[in-house]
Amino acid sequence: EQRRAHAERQQELKFEIDKLRKAKKEMETIFAGVDVAALKGVAEEAATLRTTLEQERASHERAVADLTARLQWYSENQEIVDKNDALIKAQEKRVQELEGLVEEMRLGR
């Protein structure tokens, strides 16, 4: 009984070895056209590009933040300019009114 179990186990192991050899040959065939050094170079280039992309993205985010801050400043500044323009126009109108009154008072005397 033990011999039979041993023989079956041996047969299973031979089958497994054949299966692994076949898989190995298939993998060798797949990788036969692959230049491992070139593949490593491509991986390194991809890592470099990824780092560059991250740096460019961070730079872009800083530029956007700066431009957003400038735009906010210009917007607030324009509001102040508009209010000042309205105040100057009102003051000019008042000055003209007062000059007219002064002129009327001069002529009226």
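Because the structure is predicted, anything quoted here is derived from the model rather than measured. (Residues numbered from 1 in each chain as written. Predicted model: local features only at pLDDT ≥ 70, side-chain atom pairs only at ≥ 80, totals over all residues. Heavy atoms only, no water.)

Draft legend 1. Examining the overall build of the protein more closely. A tally of helices and strands in the protein yields two helices and zero strands. A compact globule built from 109 residues should have a C-alpha radius of gyration of about 13 Å, whereas the protein, at 44 Å, is more than 25% larger. By its C-alpha atoms, the protein is 145 × 35 × 15 Å across when sized along the principal axes. For the protein, the accessible surface area stands at approximately 10,700 Å², while carbon and sulfur atoms represent 57% of it. Across the protein, the 20 positively charged side chains and the 23 negatively charged ones have centroids separated by 10 Å. (Helix = DSSP H or I, 4+ residues; strand = E, 2+ residues; numbered from the N terminus. Rg over C-alpha atoms; globule rule 2.2 N^0.38 Å. Areas by Shrake-Rupley, 256 points an atom, 1.4 Å probe, with all protein chains shown as cover. Lys, Arg positive; Asp, Glu negative; His and termini not counted. Charge placed at Lys NZ, Arg CZ, Asp CG, Glu CD.)

Draft legend 2. Structural detail: a negative patch on the surface. Residues E76, E79, D82 and D85 make up a contiguous surface patch of negative charge. Checked against the element boundaries, D82 lands in helix 2 (residues 36-108). (Patch = residues over 30% accessible without salt bridge, like charges linked within 9 Å, V, L, I, M, F, W, Y side chains within 5 Å. Salt bridge = Lys/Arg side-chain N within 4 Å of Asp/Glu carboxyl O.)

Draft legend 3. Highlighting the packing of aromatic side chains. According to the stated counting rule, one finds one aromatic pair in the structure shown. An angle of 70° between the planes, with centres 5.0 Å apart, marks the rings of W73 and Y74 as edge-to-face. W73 gets classed as partly exposed once you look at its relative accessible area, which sits at 49%. For Y74, a relative accessible area of 51% translates into the label exposed. (Phe/Tyr/Trp six-rings, centres within 6.5 Å; stacked < 30°, edge-to-face > 60°. Buried < 20%, exposed > 50% of the residue type's maximum accessible area, 1.4 Å probe, protein only.)

Draft legend 4. Looking closely at a nonpolar patch on the surface. The grouping of M27, I30, F31, V34 and L39 at the surface amounts to a nonpolar patch, some 480 Å² of accessible area in total. Tallying contributions element by element places helix 1 (residues 2-31) first for the nonpolar patch, with three residues. Within the element layout of this structure, F31 appears in helix 1.

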